[in-house]
Amino acid sequence: MNTGILFATLSFFCWGMFPLYFHAIGEVPPMEILAHRMLWSLLFLAIVLSVRQQWGWLPKVLRQPRVLASFIASAILLSANWFVYIWAVNNGHIIDASLGYFINPLINVLLGQLVLKEQLRRGQWLAIGVAATGVIWLTWQAGQLPWIALILGITFGAYGLLRKTAALAALEGLSLETMLLFPAALIYVLWLTSQGANTFLNTPADSTRWLLAAAGPITAIPLLLFAAGARRIPMAVLGLLQYLSPSMQALLGVWVFHEAFPQPRLIGFLIIWSALLLYVAEGLWQSKRAK
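What you see is a predicted model, and the numbers here were worked out from it, not measured in a lab. (Residues numbered from 1 in each chain as written. Predicted model: local features only at pLDDT ≥ 70, side-chain atom pairs only at ≥ 80, totals over all residues. Heavy atoms only, no water.)

Considering the overall build of the protein chain
Argument step 1. Along its length, the protein chain carries 15 helices and zero strands.
Argument step 2. Summarising its shape, the C-alpha atoms of the protein chain cover approximately 55 × 45 × 35 Å along the three principal directions.
Argument step 3. Relative to all contacts within the protein chain whose residues are 6 or more apart in sequence, the contacts with residues 24 or more apart total 85%.
Argument step 4. Carbon and sulfur atoms provide 69% of the accessible area of the protein chain, an area that totals close to 14700 Å².
Argument step 5. The centroid of the 17 positive side-chain charges in the protein chain is displaced by 16 Å from the centroid of its 9 negative side-chain charges. (Helix = DSSP H or I, 4+ residues; strand = E, 2+ residues; numbered from the N terminus. Contact = heavy atoms within 4.5 Å. Areas by Shrake-Rupley, 256 points an atom, 1.4 Å probe, with all protein chains shown as cover. Lys, Arg positive; Asp, Glu negative; His and termini not counted. Charge placed at Lys NZ, Arg CZ, Asp CG, Glu CD.)

Rendered as structure tokens:
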């Protein structure tokens, strides 16, 4: 279990540091970063699969249209989530992006009830209601929906729902998703090259090229650490650890990138954090009661 906690903590720590990475390649347009993330991720995953001699699953999957269709949907959701997150970081909305991952667990619970017909306990409904109150408060204060947070929370929640019912494990599933996204990413990068707008080739900074190439392991390693950790520790522990990532992102937004965090926004965040505390406390209490 200690090894599992270490793996999971490392994965959430890596995700928490993502704003620093995307800010370092801020000169690259978000769509191009997304394309490179797909290209280099597939290269890295292909190396991992080859080293582990773990290609036997692919021919079987290619003969199952329903499995392919589910992974096409999850790949689209994952790429949409990546794009909005990259855009948010590079346009001064790191705190808004972190809010999306704070509300994501509650969206997961709600999707489980709506789609999988999982029964919600009274405390879970109360937590969702409190979080909804926080979103309404932020909407009223800003004069518009916190659409960045909602898109990130909903897309990642829907992605998690598809992966929960998927036929493949983490490594194989991520590899298949990047294979499905690879043609579109390659065509886009080739089109940029033909237009003379490929930042990877045109930038005078070698550091930018290396950082773009590093998108492969930077994307895949946290996911592999997460999968390894999730198999070794209880869901209650994993649920507590997952708040490390958005907490780090919010702190980076305030302390490193000096994003505005006025009192009305703080109140909205406090309401949503209260909902999370209620959700976690209720889950721990139910777990202890069951034992």
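With respect to the packing of helix H3 (residues 30–51) against helix H12 (residues 215–230)
Argument step 1. Interaxial distance between H3 and H12 falls to 7 Å at its minimum, and their mutual angle equals 70°. Looking at the two axes, H3 sits roughly perpendicular to H12. Seen from above, H3 lies across H12 with right-handed handedness. Where H3 abuts H12, its residues His-36, Arg-37, Trp-40, Ser-41, Phe-44 and Leu-45 lie against Ala-215, Gly-216, Pro-217, Thr-219, Ala-220 and Ile-221.
Argument step 2. When its residues are assigned to classes, the contact of H3 with H12 shows seven nonpolar, four polar and one charged. (Axes fitted to C-alpha atoms, helices over the stretch in contact; angles between N-to-C directions. Parallel < 35°, antiparallel > 145°, perpendicular 65-115°, else oblique. Left-handed = near helix turned anticlockwise from the far one by under 90°. Nonpolar A, V, L, I, M, F, W, Y, C, P; charged D, E, K, R; others polar.)

Describing the packing of helix H6 (residues 94–114) against helix H8 (residues 147–164)
The description of two helices packed together rests on the angle between their axes and the distance between the axes.
Argument step 1. Here H6 crosses H8 at 45°, and the two axes come no closer than 7 Å. The angle between the axes of H6 and H8 places the two elements in the oblique class. By crossing handedness, the relation of H6 to H8 is classed as right-handed. Mapping the contact onto sequence places Asp-96, Ala-97, Leu-99, Gly-100, Tyr-101, Ile-103, Asn-104, Ile-107, Asn-108 and Leu-111 in H6 and Ile-148, Ala-149, Leu-150, Leu-152, Gly-153, Ile-154, Phe-156, Gly-157 and Ala-158 in H8.
Argument step 2. Considered class by class, the residues forming the contact of H6 with H8 number 13 nonpolar, five polar and one charged.

With respect to H6
Argument step 1. Compared with an ideal rise of 1.5 Å per residue, which puts 21 residues at 30 Å, H6 spans 30 Å between its outermost C-alpha atoms and is within 8% of the ideal.
Argument step 2. Helix geometry: H6 is bent most strongly at Asn-104, by close to 40°, with proline Pro-105 lying one to four residues after it. (Expected span 1.5 Å × (residues − 1). Bend = angle between axes of the 7 residues up to and from the residue.)

Points about the environment of Gln-53
Argument step 1. Residue position: Gln-53 is located in the loop between H3 and helix H4 (57–62).
Argument step 2. On the basis of relative accessibility, which here comes to 71%, the residue Gln-53 falls in the exposed class.
Argument step 3. Along the backbone, Gln-53 and Ala-75 are 22 residues apart, and their C-alpha atoms lie at a distance of 24 Å. (Buried < 20%, exposed > 50% of the residue type's maximum accessible area, 1.4 Å probe, protein only.)

What to know about the packing of aromatic side chains
Argument step 1. Overall, the coordinates contain 16 aromatic pairs when judged by the stated rule.
Argument step 2. When the ring of Phe-18 is compared with that of Phe-22, the centres are 5.6 Å apart and the planes differ by 85°; the resulting orientation is edge-to-face. Residue Phe-18 and its partner Phe-22 are located together in helix H2 (residues 18–24), separated by four residues, close to a single helical turn.
Argument step 3. Centroid distance Phe-261 to Phe-269: 5.3 Å. Interplanar angle 80°. Geometry classified as edge-to-face.
Argument step 4. A relative accessible area of 27% places Phe-261 in the partly exposed class.
Argument step 5. Members of the aromatic cluster, joined through ring pairs, are Phe-18, Tyr-21, Phe-22, Tyr-85, Tyr-101, Phe-156 and Tyr-159.
Argument step 6. Looking at Arg-37, its charged tip hangs above the ring of Trp-82, at a distance of 4.2 Å from the centre. (Phe/Tyr/Trp six-rings, centres within 6.5 Å; stacked < 30°, edge-to-face > 60°. Lys NZ or Arg CZ within 6 Å of the ring centre and 35° of its normal.)

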